[in-house]
Amino acid sequence: MAAGNLLGDTPAMQNVQPDNMNSMPLRQSSHSVGTIVIRFVGLLTLAVVAMTLIWSR
């Protein structure tokens, strides 16, 4: 008994292949790693200063 016969003569899965066999280009990041690190450190510093001011009162 074939799998195609169980589903009414339709194949269980179709093999779909793209027309273009070239690999997909990777999406470029809009921000460089340096910019992200600088923003992270700045926000972390602001958070620490804010928490220190709240704690000291």
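Quick note: structure is the one above.
Below is a short write-up of the structure. Only a predicted model underlies this, so the values are computations on that prediction, with no experimental measurement involved.

1. Quick word on the overall build of the protein chain
At step 1: Looking only at helices and strands, the protein chain features two helices and zero strands.
At step 2: By the burial criterion, 0% of the 57 residues in the protein chain qualify as buried.
At step 3: Accessible surface, the protein chain as shown: approximately 6,100 Å² in total, 66% of it carbon and sulfur.

2. Quick look at a nonpolar patch on the surface
At step 1: Taken together, the side chains of V33, V37, F40, V41, L44 and V48 define a hydrophobic patch exposed on the protein surface, amounting to about 570 Å² of accessible area.
At step 2: Among the structural elements, V37 can be located in helix 2 (residues 33–56).
At step 3: Overall, the relative accessible area of 44% leaves V37 in the partly exposed class.

Thresholds, definitions, all that
Residues numbered from 1 in each chain as written. Predicted model: local features only at pLDDT ≥ 70, side-chain atom pairs only at ≥ 80, totals over all residues. Heavy atoms only, no water. Helix = DSSP H or I, 4+ residues; strand = E, 2+ residues; numbered from the N terminus. Buried < 20%, exposed > 50% of the residue type's maximum accessible area, 1.4 Å probe, protein only. Areas by Shrake-Rupley, 256 points an atom, 1.4 Å probe, with all protein chains shown as cover. Patch = residues over 30% accessible without salt bridge, like charges linked within 9 Å, V, L, I, M, F, W, Y side chains within 5 Å. Salt bridge = Lys/Arg side-chain N within 4 Å of Asp/Glu carboxyl O.

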